[in-house]
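What follows is the residue order along each chain.
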Amino acid sequence: MMRIGIDVGGTNTDGVLIDNSNNVISSFKTNTSDDVNTAVKLCIEKLINNIDKKNIDLIIIGTTHLINDLIQRKNLSKTGVVRLCGPSTRLLKPLSDWPKELINKNLFVSHFAGGGLEFDGREISPVIESEIKTICETFKSNNVESIAINGVFASVDPYQEIHASKIIAEEMGDIPVSLSHQIGRIGLLERENATILNSMLIKSAKRTFANLSNIIKELKLDSKIYITQNDGTMSSVSDAIKYPIFSLSSGPTNSMRGASFLSGIDNGLVVDIGGTSTDIGMLINNFPKESSIAVDFSGIRTNFRMADVLSIPLGGGTMINNLAPFVSELSVGNEITSKSLSFGGSVPTVTDVYASESKINFSIPNKKINIDKNIVSNAKQEIKEKISVAIDRMKTSSNTINTVIVGGGAFVMPGDIKGINLIEIPKHSEVANAIGSAFAQVSGYSEKVFATGNMTRDEILLSSKNEAIKNAISKGADKNTIEIIDVEEIPLAYLPSNAITVKTRVVGNIQNN
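Nothing here was measured: the structure is a model prediction, and the numbers come from that model. (Residues numbered from 1 in each chain as written. Predicted model: local features only at pLDDT ≥ 70, side-chain atom pairs only at ≥ 80, totals over all residues. Heavy atoms only, no water.)

Once that is clear, we can look at the side chain of S255. Among the structural elements, S255 can be located in helix α9 (residues 251–263). Its relative accessible area of 1% is what places S255 among the buried residues. Within the structure, the side chain of S255 is placed 2.6 Å from the side chain of D272, a separation counted as a polar contact. Not counting chain neighbours up to four residues away, the residues in contact with S255 comprise V270, D272, V406, A432 and N433. (Helix = DSSP H or I, 4+ residues; strand = E, 2+ residues; numbered from the N terminus. Buried < 20%, exposed > 50% of the residue type's maximum accessible area, 1.4 Å probe, protein only. Polar contact = N/O pair within 3.5 Å; in protein donor to acceptor, adjacent residues only side chain to side chain. Contact = heavy atoms within 4.5 Å.)

Here it is in structure tokens:
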């Protein structure tokens, strides 16, 4: 059986066809269409040409639909917010740190309610059923389309969030409800923001993934569809609709996983130079290093699972100025094949700088590119400085580190940057992101606060491990292939009972039916 990996970027949409022995049979790259779906369909059509459709078992897609809708503020659900907190935390209202222009779109109805826990699971106050029912009436009158529930210390014990969600289901029927303990980490406001953001994106996710499913039907394929996630793993379409926030920004991690496969490097740095941006991240045990700090998405501070990736505005489509700074932060994006000098346009780009010295690795229609040599020299120096500074920011020590370069703009990478051991650019590196999609696995995750006075360290770690494994199996992972890739213990200062947060992450291959 074969599988297809697709990754939709800001400039290009890439696809690969992988056989059962993990060989790349074919690849295809095209400009990302304005509606995105056209490019995805074209990719799949090209890849399955002369292939028996019955042999295509899986299609795994990483897409920018959701982040595009968030940035453009479109297709977002009107969201009801419930904070289970009792008398605590009321000085800071939900959405207190959100961008004003998003708040002004009248997308939110928020309420405080009884509930909430102390760090050790003791109740601040109980959930009051009549209060939740009253809140539901205000949600109905305001035409709320999805609901976000956030309980104080719900990560310790989620029973209050679950109880409130059942009351809401009885009152409002089949409305999407996001529970904070399933989405964010310890940290009330950031976890609440992540939960609200998840609820907002559900309408966009339903439309996006329905369109992708329709493409598969139009092509008369019986393949299962999976969606890549921010941490380098994948989920079913139904899970991706329920938890769209986990698929908000999977492109960089797809590239890192693809780079690991192509180079054979499990630990090191990955630099992915695309058409619009350069993404740099650290590989640890074949997976992207996870961010340990709050992540800002479109002005919204959150703390859900994300890879630690640094993005800078530098790619093949980046525009070149006639005066310093010579490298702009703007890009022609998916219009590179009509606007850049290399393709007969009038806008000088980074691609044109290297094409003028015959240093690109693909053919172009315009072989006579005329850019002032001083501009070329200065632009290349600025590019080197930008990449050098970004790499230094991502390195965790001063030691020389193995570094893999991938992406359609890999030709931009200078060969003389200090502190890195540059791995030869592997074959198929221009579609590393699609290869990463194709090799995505199913993940399981656990993050809980434990009081060490009640359990031994071994019992705590075993409990966390078992919960993560159970979570992976529930998502479709084959239990015989599950492996632990990360365990982290974080003591919580200033709390009694020697409280500790334990995070465990596991991955496994998708279960074959």
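Read from one edge to the other, the open sheet built from 4 strands follows the order β6-β5-β7-β8, with strand pairing classed as parallel. Two strands in the sheet have a free side with no partner beyond their single neighbour: β6 (108–113) and β8 (177–179). With strand direction ignored, the average angle separating the axes of adjacent strands in the sheet is 15 degrees. The pairing of strand β5 (residues 79–84) with β6 spans 6 bridges and is classified as parallel. Residue pairing for β6: V82 is matched across the bridge by H111. The strands touched by helix α6 (residues 188–200) are β5, β6, β7 (146–151) and β8; relative to β7, the strand with the most contacts, the crossing angle is about 165 degrees. (Pairing = 2+ DSSP bridges. Axes fitted to C-alpha atoms, helices over the stretch in contact; angles between N-to-C directions.)

So, about the sheet that holds strand β4 (residues 56–62). Hydrogen bonds between backbone groups are what pair the strands of a sheet, and the pairing can be parallel or antiparallel. Here we have 9 strands laid out as an open sheet, ordered β3-β2-β1-β4-β9-β10-β21-β23-β22, and mixed in their pairing. Strands with a single pairing partner mark the edges of an open sheet, and in this sheet they are β3 (24–31) and β22 (483–491). Between one strand and the next, the sheet's axes are offset by a mean angle of 25 degrees, whatever the strand orientation. The pairing of strand β9 (residues 224–228) with strand β10 (residues 233–236) spans 3 bridges and is antiparallel.

Those residues of helix α2 (residues 65–72) lying buried are H65, L66, I67, D69 and L70. Turning to α2, the residues buried within the fold contact α1 (37–47), α6, α7 (202–218) and β14 (295–297). Residue R73 follows α2 closely and has a positive phi angle near 60 degrees.

Core analysis: the largest hydrophobic core is formed by 51 residues, its most contacted members being I4, I6, V40 and I44. Counting residues per element, this core draws most heavily on α7, at 5 residues. When sequence neighbours within four positions are dropped, the list of residues in contact with I6 reads T13, D14, G15, V40, C43, I44, L47, I60, I61, G62, A434 and S437. Within the second largest apolar cluster, 36 residues are counted, among which are I312, Y354, I360 and I375. (Core = buried A, V, L, I, M, F, W, Y, C linked by side-chain atoms within 4.5 Å.)

Another point: the pairing of β4. The buried count for β4 comes to 6 of 7 residues, which makes it a mostly enclosed element. As defined by bridge partners, strand β1 (residues 2–8) adjoins β4 across 6 bridges and the pair is classed as parallel. Pairing of M2 across the sheet is with I56, part of β4. As paired strands, β4 and β9 are joined by 4 bridges and run parallel to one another. Note that in β9 the partner of I59 across the bridge is I225.

The calculated volume of the second largest pocket comes to roughly 750 Å³. What lines the second largest pocket is a set of 27 residues, among which H181, Q182, Y445, E467 and N471 lie closest to the centre. Contributions of two or more residues to the lining of the second largest pocket are made by α8 (237–242), β21 (441–451) and α14 (457–474). Classifying every residue of the lining of the second largest pocket by side-chain character gives 8 nonpolar, 10 polar and 9 charged. (1 Å grid on protein atoms, 1.4 Å probe; cavity = no way out; pocket = protein on both sides within 12 Å on 5 of 7 lines; lining within 4 Å. Points joined across faces, edges and corners; volume = space filled by probe spheres on them. Nonpolar A, V, L, I, M, F, W, Y, C, P; charged D, E, K, R; others polar.)

Inspection of the entire model under this criterion finds 19 salt bridges. In this structure, the salt-bridge partner of E218 is K41, at a minimum N-O distance of 2.9 Å. A residue pair is termed long-range when its members are at least 10 positions apart, and E218 in helix α7 and K41 in helix α1 qualify at 177 residues. The class of K41 is partly exposed, set by a relative accessible area of 26%. For R185, the salt bridge goes to E290, with nearest N and O atoms at 2.1 Å. Of the two residues, R185 sits in the loop between β8 and α6 while E290 sits in the loop between β13 (287–288) and β14, which places them 105 residues apart along the sequence. Taken together, the salt bridges that share partners define one network made up of R185, D231, E290, E447 and R505. (Salt bridge = Lys/Arg side-chain N within 4 Å of Asp/Glu carboxyl O.)

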